[in-house]
Amino acid sequence: MIKLSQASLGSEENKCIEEVLSQKYLGMGFFTKQFEEKLKGYIGENVEVSCVNTGTSALHLAAQAINIESGDEVIIPTVTYVASFQAISATGAKPIPCDICIDSGLLDIKDAEKKITTRTKALMHVHYAGNVGNIEEVHAFVKKYNLRLIEDAAHSFGGNYENKKIGSFGDITCFSFDSIKNITCGEGGAVVSSDIKVIEKVKDYRLLGVKNDTEKRFSQQRSWDFDVSEQGWRYHMSNINAAIGIAQLEKIEVLKAKRRLIAEKYFNQLRDCPNISLISMDLNNIMPHIFPLRINASKRNGLKKFLFERGIETGLHYKPNHLLTKYKSAPLPSAEKFWEETLTLPLHANLSIKDIDFICENILSYLN
Ligand SMILES: *Cc1c(COP(=O)(O)O)cnc(C)c1O
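Here's a quick rundown of the structure. (Residues numbered from 1 in each chain as written. Predicted model: local features only at pLDDT ≥ 70, side-chain atom pairs only at ≥ 80, totals over all residues. Heavy atoms only, no water.)

### What to know about the pairing of strand S9 (residues 189-193)
Put simply, the test is: Here the term buried applies to any residue with accessible area under 20% of the maximum for its type, exposed to any over 50%, and partly exposed to those in between, with areas from a 1.4 Å probe on protein chains only. Think of it this way: any DSSP run of H or I at least four residues long counts as a helix, any run of E at least two long counts as a strand, and we number them from the N terminus. Here, any two strands with at least 2 DSSP bridges between them count as paired.
Of all 5 residues that make up S9, 5 are buried, and the element is covered over most of its length. As judged from the 5 bridges shared by strand S1 (residues 48-52) and S9, these two strands associate in the antiparallel manner. Across the sheet, glutamate 48 pairs through a bridge with serine 193, a residue of S9.

This is the structure:
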């Protein structure tokens, strides 16, 4: 079976894990600190980084750190993983689903503008497939309505926007390092911001709200006599997970080149097919995470089945959240059409060019 997504692991990860095991402390400590420093080195010296156990908890703590709470509303594109929605509702606030632009899968700012109320506190901008979209427009929008901006960059780690690393600009950026993301920690996430107050809060919240416990743990101590003034969570990142992340970050350029090459091969072979629409990707800048194609809704499920029977796994990213019972809201036509027409093709660094040729041949043979 050609897998839709897969981690790319080697002896480097084994070596890092063995080092953690030999030190006999698997919880949050030296390796977590080191991974945070390396992430900062990679993204930019203007930001601070706080690592947590999942991308979902990164989003949750980012929202909590900017005082999102019950009674507040957060604007968000409906096409995203339910994790983004759950992170908002975990604070007590209400996620307000917005429509997307059908040719990118990214937030439709015009629709977002219609959803502004006096309760709107923030925008969660989702980097669907690894694309950031028109970030100047997003920044102008949050400025106009005096909103905080959380970027769900779960898909886009490793990418750039006009020569700036994703995470190095904007307000707060959250990454995921779950087992199938651009780089993995097994499970993991990070909150990145140049707003030091946000990062200080996240550092406390991830350790049950125990004040300044991060620094203690990084120096192999722990707090006995401490204070807690806010709700916290057990969301910190362990040494084991951080060690995997350290090994993965070392290989990012190789992993990125491979993902770009695969996406380019897909573009070359599928772009001229009259029945297929592809979302555009700036492959000189981004690190693509998934590869969506759109075909007529009447053919989509047939193509999925046809490919599966030939050993090719595909995905459906994503069921719009406003169609879920918990987040039910008025119709969002472009998102619903996108959901019915989109199929995502295998994209990960273990695929060979022969795999991509085989996938494209099968797609074209089905459509003819
Ligand atoms: C993976 C993902 C998340 C959540 O990250 P986890 O590490 O799996 O919790 C959030 N948003 C999007 C768009 C994702 O793809």
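The rest of the description comes next.
### Looking at the site of the ligand
The line we're drawing: By convention in these notes, a residue is near a molecule or strand provided one of its non-hydrogen atoms lies within 4 Å of it. By the criterion applied in these results, polar contacts are pairs of N or O atoms within 3.5 Å in which, for protein atoms, one can donate a hydrogen and the other can accept it, and in which residues neighboring in sequence qualify only through two side-chain atoms. Only the protein chains shown count as cover for residues, and the accessible areas themselves come from Shrake-Rupley with a 1.4 Å probe. Any residue outside Ala, Val, Leu, Ile, Met, Phe, Trp, Tyr, Cys, Pro, Asp, Glu, Lys and Arg is labelled polar, Gly included; the first ten of those are nonpolar and the last four are charged.
Lining the immediate environment of the ligand, one finds 15 residues, of which Gly55, Thr56, Ser176, Asp178 and Lys181 sit closest. One nitrogen or oxygen atom from the main chain of glycine 55 is found 2.7 Å from an oxygen atom belonging to the ligand. Starting from 380 Å² of accessible surface for the ligand in isolation, the protein chains cover 94%. Mapped by element, the contributors of at least two residues to the shell around the ligand are helix H3 (55-65) and helix H4 (82-89). Here the residues of the shell around the ligand are counted per class, giving 4 nonpolar, 8 polar and 3 charged.

### Details of the pairing of strand S8 (residues 172-176)
Of all 5 residues that make up S8, 5 are buried, and the element is covered over most of its length. Relative to S8, strand S5 (residues 148-152) runs parallel, the two sharing 3 bridges. Bridging across to S8, isoleucine 150 finds its partner in isoleucine 172. Pairing between S8 and S9: 5 bridges, direction antiparallel. When the sheet's bridge partners are listed, isoleucine 172 is paired in S9 with serine 193.

### Focus: the nonpolar core
Note the cut-off: To form a nonpolar core, buried Ala, Val, Leu, Ile, Met, Phe, Trp, Tyr and Cys residues must be joined to one another through side-chain atoms within 4.5 Å. Contacts are assigned to residue pairs with any non-hydrogen atoms lying within 4.5 Å of each other.
Core analysis: the biggest nonpolar cluster contains 45 residues, and Phe35, Leu39, Leu123, Phe157, Phe175, Phe177 and Leu249 have the highest contact counts within it. When residues no more than four places from it in sequence are discounted, the contact partners of leucine 123 are Val74, Ile75, Leu107, Val138, Phe141, Val142, Leu147, Arg148, Leu149 and Ile150. Core analysis: the second largest hydrophobic core is formed by 38 residues, Tyr128, Ile279, Ile295 and Ala335 among them.

### Regarding the sheet that holds strand S11 (residues 291-294)
Hydrogen bonds between backbone atoms are what pair the strands of a sheet, whose relative direction is either parallel or antiparallel. Condition: Angular values range over 0 to 180 degrees, each being the angle between N-to-C directions of two axes fitted as lines to C-alpha atoms, with helices fitted over their stretch in contact.
The strand order across the open sheet formed by 3 strands is S10-S11-S12, and the pairing between neighbours is antiparallel. The sheet is open, and its two borders are formed by strand S10 (277-278) and strand S12 (342-345), each paired with just one other strand. Note: S11 against S12, 4 bridges, orientation antiparallel. Its bridge partner lying in S12, leucine 293 is registered against leucine 343. Its contacts with the sheet put helix H10 (residues 252-270) on S10, S11 and S12, and the angle it makes with S11 is roughly 20°.

### Digging into the sheet that holds strand S3 (residues 94-98)
Read from one edge to the other, the open sheet built from 7 strands follows the order S1-S9-S8-S5-S4-S2-S3, with strand pairing classed as mixed. Unpaired on one side and paired on the other, S1 and S3 mark the two borders of the sheet. Strand-to-strand, the axes of this sheet are offset by a mean angle of 25°, without reference to chain direction. On top of the sheet, helix H2 (residues 30-43) reaches S1, S8 and S9; it is set at about 135° to S1, its chief contact. On the sheet, helix H6 (residues 135-144) packs against strand S4 (120-126) and S5 and is oriented at approximately 145° with respect to S5.

### Description of the environment of phenylalanine 175
With respect to the helices and strands, the residue phenylalanine 175 is situated in strand S8. Sequence-wise, phenylalanine 175 and valine 192 are 17 residues apart; in three dimensions their C-alpha atoms are separated by 8.0 Å. Excluding residues that lie within four positions of it along the chain, phenylalanine 175 makes contacts with Ile43, Gly55, Ala58, Ala153, Phe157, Ile166, Gly167, Gly189, Ala190 and Val192.

### A short note on the side chain of threonine 214
By secondary structure assignment, the location of threonine 214 is in helix H8 (residues 213-218). Here threonine 214 falls in the buried class, since its relative accessible area comes to 2%. Side chain to side chain, threonine 214 and arginine 206 meet in a polar contact 3.1 Å long. Apart from residues lying up to four places away in sequence, threonine 214 is in contact with Met28, Lys203, Arg206 and Leu207.

### Looking at the packing of H3 against helix H7 (residues 196-205)
Here is the rule we go by: Any angle that falls under 35 degrees is termed roughly parallel, while one over 145 is termed roughly antiparallel, one within 65 to 115 roughly perpendicular, and all others oblique. Left-handed describes a crossing in which the near helix is turned anticlockwise from the far one by less than a right angle; the clockwise case is right-handed.
Relative orientation of the contacting elements H3 and H7 amounts to 120°, with a least axis distance of 9 Å. In terms of axis orientation, H3 runs oblique to H7. The chirality of how H3 crosses H7 is right-handed. Within the contact between the two elements, H3 uses Leu61, Gln64 and Ala65 and H7 uses Val198, Lys201, Val202 and Tyr205. Taken together, the residues that form the contact of H3 with H7 break down as 5 nonpolar, 1 polar and 1 charged.

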